[in-house]
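# Commentary on secondary and tertiary structure
Read off the chains here:
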Amino acid sequence: MQTSSRTRIKICGLTRPQDVDAAVAAGADAVGFVLYDKSPRFVPVDRLRELARRLPPFVTPVCLFVNAAPEFVAETVAAVPGALLQFHGDETRAQCEQPGRPYLRAARMAPGLDLLDFASRFASACGLLLDAFVEGYGGGGKAFDWSQIPLGVPLPVVLSGGLNPANVIDGVMHVRPWAVDVSSGVESAKGVKDALLIRRFCEAVREADARAADAVL
């Protein structure tokens, strides 16, 4: 599924400056900020602006929305103009495209979901983030059955849902995604990241990539 030898890493649900710094120090490629006010990881726009300023070049801020009003999305884009957008609700393709920014579309992996059809309906996305299906929005820290992912998904796949330092090697080896996304799997409490767990997660992803490279030789 992956065309690159290196799996990209996104640490999501950051709320504190020290957690942003820990993700950067561990080598994360992207950090995610939740702009959904029903989430315990919600950050208001002013806080988002402060946190995003801590990012060095080539670490991408990702702004996560759930059925947000267009005006709120526009306000967020204005605050962090370099952000990648991530839509986790019931947004249509037109709603995802309206801000005029690159976006990820989350797919909740409910039994019976036709992921290939879903991908075709969101062909303008720069990737699909695959998350577990639970009540409400977000994966709830739950993993899904990776065998649900069909061959030939035409967009880069971001594997999410219940990942942590202990299981991400299996996830990378089984799915070979473009990227992996973690939130609760590197937390000591909701919205409070653990720097050691972040580092262990990133190290595990690199180990998985090394194993995969050895398997090809």
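Structural data are supplied above this passage.
Just so it is clear, the structure is predicted and the values come from calculations on it, not from any experiment.

## Comments concerning the side chain of Gln86
Within the secondary structure, Gln86 sits in strand S4 (residues 84–87). For Gln86, a relative accessible area of 1% translates into the label buried. At 3.0 Å, the side chain of Gln86 forms a polar contact with the side chain of Lys10. In this structure the side chain of Gln86 is engaged in a polar contact, spanning 3.0 Å, whose partner is the side chain of His88. Non-local contacts of Gln86, meaning those with residues more than four positions away in its chain, are made with Lys10, Val62, Cys63, Leu64, Phe65, Leu104 and Leu129.

## Description of the packing of helix H2 (residues 45–52) against helix H3 (residues 70–79)
Between two packed helices, what matters for the description is the angle formed by their axes and the separation of those axes. For the pair H2 and H3, interaxial distance at closest approach is 9 Å and the crossing angle is 25 degrees. If you check the angle between H2 and H3, you find them roughly parallel. Taken as a pair, H2 and H3 cross one another with a handedness that is right-handed. Taken together, the residues of H3 that come into contact with H2 (itself represented by Val45, Leu48 and Arg49) are Phe72, Glu75, Thr76 and Ala79.

## A few points about the environment of Ala83
Examined against the element boundaries, Ala83 turns out to sit in the loop between H3 and S4. On a C-alpha basis, the gap between Ala83 and Ala52 in space is 8.9 Å, while along the polypeptide they are 31 residues apart.

## A look at the pattern of salt bridges
In the structure shown here, the tally under the stated rule is 14 salt bridges. Of the charged contacts, one joins Glu187 and Arg41 as a salt bridge, the two residues approaching to 2.7 Å between their closest N and O atoms. Of this pair, Glu187 sits in strand S9 (residues 187–189) while Arg41 is found in the loop between strand S2 (30–34) and H2, placing the two residues 146 residues apart along the sequence. For Arg41, a relative accessible area of 14% corresponds to the buried category. Connected through shared salt-bridge partners, Arg41, Glu187 and Lys193 make up one network.

## Considerations on the sheet that holds strand S8 (residues 179–182)
With parallel pairing, eight strands are arranged side by side around a closed barrel as S1-S2-S3-S4-S5-S6-S7-S8. Ignoring strand direction, the axes of neighbouring strands in this sheet form an average angle of 30 degrees. Alignment of S4 against strand S5 (residues 103–109), held across three bridges, turns out to be parallel. Paired with Phe87 across the two strands is Arg105, which belongs to S5.

## Points about H2
Of all the residues in H2, the buried ones are Val45, Leu48, Leu51 and Ala52. Buried residues in H2, looked at end-on, bunch into an arc of 120 degrees, giving them a common side.

## So, the layout of surface pockets
Approximately 280 Å³ is the volume found for the second largest pocket. Lining the second largest pocket are 16 residues, with Arg8, Ala30, Leu84, Trp178 and Ala179 sitting closest to its centre. A class-by-class count of the residues in the lining of the second largest pocket yields 11 nonpolar, two polar and three charged.

Rules behind the numbers
Residues numbered from 1 in each chain as written. Predicted model: local features only at pLDDT ≥ 70, side-chain atom pairs only at ≥ 80, totals over all residues. Heavy atoms only, no water. Helix = DSSP H or I, 4+ residues; strand = E, 2+ residues; numbered from the N terminus. Buried < 20%, exposed > 50% of the residue type's maximum accessible area, 1.4 Å probe, protein only. Polar contact = N/O pair within 3.5 Å; in protein donor to acceptor, adjacent residues only side chain to side chain. Contact = heavy atoms within 4.5 Å. Axes fitted to C-alpha atoms, helices over the stretch in contact; angles between N-to-C directions. Parallel < 35°, antiparallel > 145°, perpendicular 65-115°, else oblique. Left-handed = near helix turned anticlockwise from the far one by under 90°. Salt bridge = Lys/Arg side-chain N within 4 Å of Asp/Glu carboxyl O. Pairing = 2+ DSSP bridges. Arc of directions from axis to C-beta. 1 Å grid on protein atoms, 1.4 Å probe; cavity = no way out; pocket = protein on both sides within 12 Å on 5 of 7 lines; lining within 4 Å. Points joined across faces, edges and corners; volume = space filled by probe spheres on them. Nonpolar A, V, L, I, M, F, W, Y, C, P; charged D, E, K, R; others polar.

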